[in-house]
Amino acid sequence: QLQLVESGGGLVHPGGSLTLTCAATGLHYNYFAIAWFRQAPGKELEGISCISSTGSGGGTLYANSVRGRFLMSRDDAKKTATIILNNLKPEDTGVYKCGATPLLSRQCQLSPADYDSWGQGTQVTVSS
């Protein structure tokens, strides 16, 4: 397992941008798929983006609700995964969490049940 810490949340106006970072500690970070999830008030946890482990042959996956607006990347040397949130909307408001799972040879998926390491989350509020 990895230990994960999210940062970068805050209050932003509609149309604005934020960059969230998921920093990990632990071994063999490059073996892990990393995903971002969010939970809006009163709603279930939603997978929004994931990036497969390095060398797995997989890539990046986005939920329909964020495709074209959010961009996820990873830096294995720094053990970080970043997601840039562009053109934010009020419905993007929620607690954003990152998850990790060892996944050597498959494309990552967006189901929370697939992930076994979690951060505490960072609040994103989109409001005018």
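Keep in mind that what you see is a predicted model, and the values were worked out from it rather than measured.

Caption draft 1: Quick look at the nonpolar core. One finds Ile34, Trp36 and Leu85 to be the most contacted residues of the largest nonpolar core, which totals 35 residues. At the level of secondary structure, the elements contributing two or more residues to this core comprise strand S3 (18-25), strand S4 (32-39), strand S5 (46-51), strand S7 (70-75), strand S8 (80-85), strand S9 (94-102) and strand S11 (122-126). By residue number, the principal contributor to this core is S4, which donates 6 residues. Not counting residues within four places of it along the chain, the set of residues in contact with Leu85 comprises Gly16, Ser17, Leu18, Leu20, Arg69, Phe70, Tyr96 and Val124.

Caption draft 2: Looking closely at the state of the cysteines. With the rule as written, the count across this model stands at 2 disulfides. Through a disulfide, Cys50 is tied to Cys108; the S-S separation comes to 2.1 Å. Handedness of the Cys50-Cys108 disulfide follows from its S-S torsion of about 85°: it is right-handed. Of the two residues, Cys50 sits in strand S5 while Cys108 sits in the loop between S9 and strand S10 (117-118), which places them 58 residues apart along the sequence. Taking only the cysteines that form disulfides and numbering them from first to last, the protein has the pattern 1-3, 2-4.

Caption draft 3: Seen up close, the sheet that holds S7. Strand order in the open sheet formed by 4 strands is S1-S3-S8-S7, and the pairing between neighbours is antiparallel. Sheet topology places strand S1 (3-7) and S7 at the edges, where each strand pairs with a single neighbour. Strand-to-strand twist of the sheet, defined as the mean angle between neighbouring strand axes without regard to direction, takes the value 15°. Across 6 bridges, S3 lies against S8 in antiparallel orientation.

Caption draft 4: Representation of the side chain of Ser52 in the model. Tracing the backbone through its elements, the reader meets Ser52 in the loop between S5 and strand S6 (60-62). A distance of 3.0 Å separates a polar atom in the side chain of Ser52 from the backbone nitrogen of Cys108. Once residues within four sequence positions are removed from consideration, Ser52 is found in contact with Phe32, Ala33, Gly58, Gly59, Arg74, Arg106, Gln107 and Cys108.

Caption draft 5: Representation of the pairing of S4 within the structure. Judged by how many residues are buried, S4 sits mostly within the fold: 7 of 8 residues are covered. In this structure, S4 lies alongside S9, joined through 8 bridges in antiparallel fashion. Paired with Arg38 across the two strands is Tyr96, which belongs to S9. Counting the residues that bridge the hairpin from S4 to S5 gives 6 residues, and of these Gly42 lies at a positive phi of roughly 75°.

Caption draft 6: Representation of the side chain of Arg69 within the structure. Mapped onto the elements of the fold, Arg69 is located in the loop between S6 and S7. Taking relative accessible area as the criterion, Arg69 reaches 9% and is therefore assigned buried. Setting aside chain neighbours within four positions, we find Arg69 in contact with Ile84, Leu85, Asn86, Asn87, Leu88, Lys89 and Asp92.

Caption draft 7: Region of the structure containing the layout of surface pockets. Quantified by volume, the largest pocket comes out at close to 150 Å³. Around the largest pocket, the lining residues are Arg38, Gln39, Ala40, Lys43, Glu44, Glu46, Pro90, Glu91 and Thr93. In the lining of the largest pocket, the residues fall into 2 nonpolar, 2 polar and 5 charged.

About the thresholds
Residues numbered from 1 in each chain as written. Predicted model: local features only at pLDDT ≥ 70, side-chain atom pairs only at ≥ 80, totals over all residues. Heavy atoms only, no water. Core = buried A, V, L, I, M, F, W, Y, C linked by side-chain atoms within 4.5 Å. Buried < 20%, exposed > 50% of the residue type's maximum accessible area, 1.4 Å probe, protein only. Helix = DSSP H or I, 4+ residues; strand = E, 2+ residues; numbered from the N terminus. Contact = heavy atoms within 4.5 Å. Disulfide = S-S within 2.5 Å. Pairing = 2+ DSSP bridges. Axes fitted to C-alpha atoms, helices over the stretch in contact; angles between N-to-C directions. Polar contact = N/O pair within 3.5 Å; in protein donor to acceptor, adjacent residues only side chain to side chain. 1 Å grid on protein atoms, 1.4 Å probe; cavity = no way out; pocket = protein on both sides within 12 Å on 5 of 7 lines; lining within 4 Å. Points joined across faces, edges and corners; volume = space filled by probe spheres on them. Nonpolar A, V, L, I, M, F, W, Y, C, P; charged D, E, K, R; others polar.

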